[in-house]
Amino acid sequence: MSNSITFIGMDLGTFRTSAVSSNGHQAELETVVGWPKDHIAESLLGKPVVYGSEVIEHRMSLDFVRPFGHGVLKFNSHTERGLDEKQVEKHRKAARLLVDQVVSQVEPNPSGPIYGVVGMPSRATIVNKEMVIEATRSAFDAVMLVPEPFAVAYSANRLSETLVVDIGAGTIDLCPMFGTFPNDEDQLTIPFGGDEVDEELYNRILEACPDARISKKMVREIKEKHGFVGTTEDHVVISLPVKGKPTDIDITEHIKHACAKLLPPIVECVVELVARFEPEFQDCLLNNILLGGGGSQLKGLPEQLEIALQPYGGGNVRRTHDSVYAGATGALKLAMGMPMEYWSKLENSRAVSKAKAA
Ligand SMILES: Nc1ncnc2c1ncn2[C@@H]1O[C@H](COP(=O)(O)OP(=O)(O)OP(=O)(O)O)[C@@H](O)[C@H]1O
Ligand SMILES: [Mg+2]
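None of the values given here were measured: they were computed from a predicted structure.

### Some points on helix α5 (residues 148–155)
With seven of its eight residues buried, α5 lies for the most part within the structure. Those residues of α5 that sit buried are Glu148, Pro149, Phe150, Ala151, Val152, Ala153 and Ser155. Asparagine 157 lies just past α5 and shows a positive phi near 60 degrees.

### Let's talk about the domain arrangement of the protein chain
Taken domain by domain, the protein chain holds domain 1 (6–152 + 325–357), domain 2 (158–192 + 261–319) and domain 3 (195–259). Relative to domain 3, the C-alpha centre of domain 1 lies at a distance of 32 Å.

### Examining the pairing of strand β10 (residues 172–178)
With respect to burial, β10 is a largely interior element, six of its seven residues being buried. Note: strand β9 (residues 160–167) against β10, seven bridges, orientation antiparallel. Bridging from a neighbouring strand, threonine 162 pairs with methionine 177 of β10.

### Focus: the pairing of β9
Extensive coverage of β9 is indicated by the burial of six of its eight residues. The hairpin turn running from β9 into β10, its antiparallel successor, is four residues long. The pairing of β9 with strand β14 (residues 289–292) spans four bridges and is parallel. Paired with leucine 163 across the bridge in β14 is isoleucine 289.

### A look at the packing of helix α6 (residues 194–208) against helix α7 (residues 216–226)
As a packed pair, α6 and α7 sit with axes 9 Å apart at the nearest point and diverge in direction by 110 degrees. The orientation of α6 relative to α7 falls into the category roughly perpendicular. When α6 is examined against α7, the residues Gly194, Val197, Asp198, Glu199, Leu201 and Tyr202 are found in contact with a partner set consisting of Lys216, Val219, Arg220 and Lys223. Grouping the amino acids of the contact of α6 with α7 by side-chain chemistry returns four nonpolar, one polar and five charged.

### Quick notes on the packing of aromatic side chains
Scanning all chains against the criterion turns up seven aromatic pairs. Summarising the aromatic geometry, the rings of phenylalanine 7 and tyrosine 115 are spaced 5.9 Å apart at their centres and angled 70 degrees between planes, so their arrangement reads as edge-to-face. Residue phenylalanine 7 is found in strand β1 (residues 6–12), and its partner tyrosine 115 is found in strand β7 (residues 114–120); the two are separated by 108 residues along the sequence. Classification of phenylalanine 7 by relative accessible area gives buried; the value is 12%. Take tyrosine 115: its relative accessible area is 4%, and that puts it in the buried class. Both rings, one in phenylalanine 150 and one in tyrosine 154, keep their centres 5.8 Å apart while their planes meet at 55 degrees; by these two values the pair is tilted. Here the residue phenylalanine 150 and the residue tyrosine 154 both occupy positions in helix α5, the gap between them amounting to four residues, near one helical turn. Judged by its relative accessible area of 22%, tyrosine 154 falls in the partly exposed class. Positioned above the aromatic ring of tyrosine 202 is the side chain of lysine 216, whose terminal nitrogen or guanidinium carbon lies 4.7 Å from the ring centre.

Conventions used here
Residues numbered from 1 in each chain as written. Chains lettered and ligands numbered in written order. Predicted model: local features only at pLDDT ≥ 70, side-chain atom pairs only at ≥ 80, totals over all residues. Heavy atoms only, no water. Buried < 20%, exposed > 50% of the residue type's maximum accessible area, 1.4 Å probe, protein only. Helix = DSSP H or I, 4+ residues; strand = E, 2+ residues; numbered from the N terminus. Domains from an automatic or database assignment. Pairing = 2+ DSSP bridges. Axes fitted to C-alpha atoms, helices over the stretch in contact; angles between N-to-C directions. Parallel < 35°, antiparallel > 145°, perpendicular 65-115°, else oblique. Contact = heavy atoms within 4.5 Å. Nonpolar A, V, L, I, M, F, W, Y, C, P; charged D, E, K, R; others polar. Phe/Tyr/Trp six-rings, centres within 6.5 Å; stacked < 30°, edge-to-face > 60°. Lys NZ or Arg CZ within 6 Å of the ring centre and 35° of its normal.

Pasting the structure below:
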């Protein structure tokens, strides 16, 4: 029905944003927004704002921002990142436009209210949460924020005795599940993720071959296709232009070392977090680890994590069924299961804040 409530689950990520609606639609896009640099670029692109991978494709003709880049969703405010007021406003605007865009892609009922649940990093600060609420203000009539790994656990029906490790581009979030909403102090966020692996691989390739032409985007795609943790019998050979000539470069050792950087912080934090609980719970958590987020797709990661956790009595490690939509699907499930009186309270408080803003 066109005026009934649409529920939306959203996973707002540093790198990728995904959403699923109660209407059965889903959408995902890279978390980046661009504006044509001049009227020539605008007439070429045929639109005033560009989103996602299209931004990267046309980056030369766009002025673009990653509204949640560099930890602003997690640890820093925009100001702490050293942005001036004008740039902060641009990031906020980009965040709003991006949320509006992804919401329109999941086709909410045109004249009914929209209620959203948004997955956030585990240890996001109050400032970060306010920023996200602000970004969703024009898209949702009521919004609730939940820890991203909690949403992943919810989608997989793993609500008890499970340790969720969500490996994103900017952070790795750990959240133990004991059949209830997790406490802030039980969760951990590591300021490390796929971006650092990309940076390491980029530097290693350029160190080995300074004249090679390679972009960060190419490095990320190479990692996603060939990345592995542990050992491999195959050699990873890529072709890059060197002084204008396509040249084969064996990057097996570089990719191995770059990807290996993910494992130690995960092991360290799993061990630290698990140690906070009583021994029988420790055993349960170590033997029920669920990996989510894009980084969970790295070849060999579950197996190597199991080996690394053996001295601590672990582990049994699995991946989520869908690394792109698990968080958004869990958030939608939460939204649809939430009692209606809860939503109306949120809606009222939003009406109050709207009135204040006016
Ligand atoms: N097959 C793959 N192998 C290795 N890494 C991958 C693979 N697929 C995606 N990734 C990496 O996963 C990361 C993106 O994951 P995800 O979309 O969960 O991040 P995000 O939610 O935007 O980030 P965050 O949760 O930190 O805000 C990127 O670093 C990407 O390169
Ligand atoms: Mg994420």
